Amino acid sequence: MQQRYNYAFFDEASKREIRRAIIKGVSIPGYQVPFASREMPIGRGWGTGGLQITLSLIGRDDVLKVIDQGSDDSVNAVNIKKLVADTTDVEVTDVTEEATLVQSRHRIPEQPLRADQVLVLQVPTPEPLRSFEPSEAVTRRLHAEADYTGAWLELFDQIVRFNMTTTGADHPVLVHNRYVMAPSPIPRFDNMKLHQADHLTLLGAGREKKIYAVPPYTNVAPLDFEDYPFAVERFDGKQCRLCGARNVYLDELVDEETGAVFYQCNDTAFCVSSACQPPKPPDAAAPSGTEPCGSEPSSRAEARFVGLSPQSSAPEAPSLTLRTTSDSLEGAPHA
């Protein structure tokens, strides 16, 4: 540990102030708690909110995992892990099951988290009403009055324009039947992982100076309409080309030379974990009753469009590129 810093970088008074905001956020699920966001050795907008939560909670016995859009080895994830490890000497891991504290940007791990694990999500824009109401004073009043007409109108406008809701990520959710919350820019595929989850989820926005939370076993319901129900991205007939996983969030990769399309697990740690086994050669007979990992029937709602991650970890072949969400959403009908 670099001794020129206090343990976990911050002074103890700063960590106590952040923990008080966390306690209030846990007590009022979905409510955005203002806090004095500290200056960090990384730029605002690069995970300072989540990092401040992590540094205020982490202890000497914790094991830290940091992921960025499903990857443990992206530049942002590696730099955050390095900062935390340098100022705490805690153990870091890529294995979800081993971590006690998981900090993530734009994804919730495929492996379900346990009650003794804490998920910290980085949030760029915590206010779900900001797209139509620029005033902070007005949005706070709307939350106090539970007036979420604007959020509903925004979804309705998307249906009128595109015959479907087009929130590929950060789809607003109603928490504990009270507050509408921005769940961080996680894909719709991950939204229902917050509903009645065993683990505590903490969300931090350093630039906007807000902390909020979803306690364990809390109801989380995405906003939708009866005739246009919420639906997640689906990958019918698709599986990871590395491990054969199905019913997981996949990145679509395109070979620039041949135009061939490949699919690969977005969660890189899950792809190499014991939960997924390499697919058998085509000529090898599969034992009776076995299925590729992740092939169990999904409990999530059926989706009406193919959603793709805006970014993935580097593929094995340098000629593979990622096809963006907008490429697949164009002209997608509502079923």
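Above this text you will find the structure in question.
Throughout what follows, the structure given in this document is the object of discussion. (Residues numbered from 1 in each chain as written. Predicted model: local features only at pLDDT ≥ 70, side-chain atom pairs only at ≥ 80, totals over all residues. Heavy atoms only, no water.)

**What about the nonpolar core?**
Inside soluble globular proteins, nonpolar side chains tend to come together where they are buried. Counting residues in each nonpolar core, the largest one holds 37 residues, and the members touching the most others are Leu55 and Val84. Among the elements that make up this core, the one with the highest residue count is helix α3 (residues 75-88) (four residues). If sequence neighbours within four positions are ignored, Leu55 has contacts with Ala8, Phe9, Phe10, Lys15, Met40, Val84 and Thr87. Membership of the second largest hydrophobic core comes to 18 residues, among which are Val102, Leu119, Val173 and Leu194. (Core = buried A, V, L, I, M, F, W, Y, C linked by side-chain atoms within 4.5 Å. Buried < 20%, exposed > 50% of the residue type's maximum accessible area, 1.4 Å probe, protein only. Helix = DSSP H or I, 4+ residues; strand = E, 2+ residues; numbered from the N terminus. Contact = heavy atoms within 4.5 Å.)

**A short note on the sheet that holds strand β6 (residues 173-175)**
Sheet strands pair by backbone hydrogen bonding; their relative direction is either parallel or antiparallel. The sheet built from three strands is open, its strands ordered β7-β6-β10 with antiparallel pairing. Of all strands in the sheet, those with a lone pairing partner are β7 (179-181) and β10 (220-222), marking the two edges. Across the sheet, the mean angle separating the axes of adjacent strands is 35° when strand polarity is ignored. (Pairing = 2+ DSSP bridges. Axes fitted to C-alpha atoms, helices over the stretch in contact; angles between N-to-C directions.)

**Quick word on the sheet that holds strand β8 (residues 200-205)**
The strand order across the open sheet built from seven strands is β1-β9-β8-β5-β4-β2-β3, with neighbouring strands paired in mixed fashion. Edge positions in the sheet fall to β1 (33-34) and β3 (91-92), since each of these pairs with one other strand and no more. The strands touched by α3 within the sheet are β2 (63-68), β3, β4 (101-105) and β5 (118-122), with β2 carrying the most contacts at an inclination of about 155°.

**Here's the deal with the pattern of salt bridges**
As enumerated under the stated definition, the model contains 17 salt bridges in all. Taking the shortest distance from any N to any O, the salt bridge between Glu17 and Arg38 comes out at 2.8 Å. Taken as a pair, Glu17 in helix α1 (residues 12-27) and Arg38 in the loop between β1 and α2 (48-57) lie far apart in primary sequence, 21 residues in all. Considered together, Glu17 and Arg38 belong to a single accessibility category, that of buried residues. Between Asp68 and Arg105 there is a salt bridge, and its shortest N-O distance comes to 2.6 Å. With Asp68 in strand β2 and Arg105 in strand β4, the pair connects residues that are 37 residues apart, well separated along the chain. On the basis of relative accessible area, Asp68 is assigned to the buried category, the value being 6%. Taking relative accessible area as the criterion, Arg105 reaches 22% and is therefore assigned partly exposed. Members of the salt-bridge network, linked through shared partners, are Arg107, Glu110, Asp190 and Lys193. (Salt bridge = Lys/Arg side-chain N within 4 Å of Asp/Glu carboxyl O.)

**With respect to a nonpolar patch on the surface**
Where nonpolar side chains cluster on the molecular surface, the patch consists of Leu153, Phe156 and Val160 and spans about 310 Å² of accessible area. Tracing the chain through its elements places Leu153 in helix α5 (residues 149-162). (Patch = residues over 30% accessible without salt bridge, like charges linked within 9 Å, V, L, I, M, F, W, Y side chains within 5 Å. Areas by Shrake-Rupley, 256 points an atom, 1.4 Å probe, with all protein chains shown as cover.)

**Some remarks on the environment of Gly59**
Its location among the elements puts Gly59 in the loop between α2 and β2. Separated by 52 residues in the primary sequence, Gly59 and Tyr7 have C-alpha atoms spaced 9.2 Å apart. What Gly59 contacts, discounting residues up to four positions off in sequence, is Tyr7 and Val90.

**Quick look at unusual backbone geometry**
Even without glycine at this site, His106 takes up a positive phi of about 75°. Here His106 lies in the loop between β4 and β5. Among the residues examined, His106 registers a relative accessible area of 16% and is labelled buried. One non-glycine residue, Tyr217, lies in positive phi territory at about 55°. The residue Tyr217 is located in the loop between β9 (210-214) and β10 in this model.

**With respect to the side chain of Ser56**
Note on placement: Ser56 falls in helix α2. Polar side-chain contacts of Ser56 include one of 2.8 Å to the backbone oxygen of Ile53. Among residues more than four places away in sequence, those in contact with Ser56 are Lys15, Ile18, Arg19 and Ile22. (Polar contact = N/O pair within 3.5 Å; in protein donor to acceptor, adjacent residues only side chain to side chain.)

**Topic: the packing of aromatic side chains**
Per the stated rule, a full pass over the model turns up six aromatic pairs. Seen from their ring centres, Phe189 and Phe235 are 6.4 Å apart, and the 65° between their planes marks the pair as edge-to-face. Linking Phe189 in helix α6 (residues 188-191) with Phe235 in the loop between β10 and β11 (250-255), this pair joins segments that are 46 residues apart in sequence. Between Phe235 and Tyr249, the aromatic rings sit 5.6 Å apart at their centres with planes inclined by 90°, giving edge-to-face as the arrangement. On the criterion of sequence distance, the pair formed by Phe235 in the loop between β10 and β11 and Tyr249 in the loop between β10 and β11 is long-range, its members being 14 residues apart. Across the pair, exposure class does not vary: Phe235 and Tyr249 are buried alike. Each member of the aromatic cluster is reached from another via a ring pair, and the members are Phe189, Phe235 and Tyr249. The side chain of Arg60 reaches across the aromatic face of Tyr7, ending 4.3 Å from its centre. One residue, Arg178, lies across the ring of Tyr179, its end atom 4.2 Å from the ring centre. (Phe/Tyr/Trp six-rings, centres within 6.5 Å; stacked < 30°, edge-to-face > 60°. Lys NZ or Arg CZ within 6 Å of the ring centre and 35° of its normal.)

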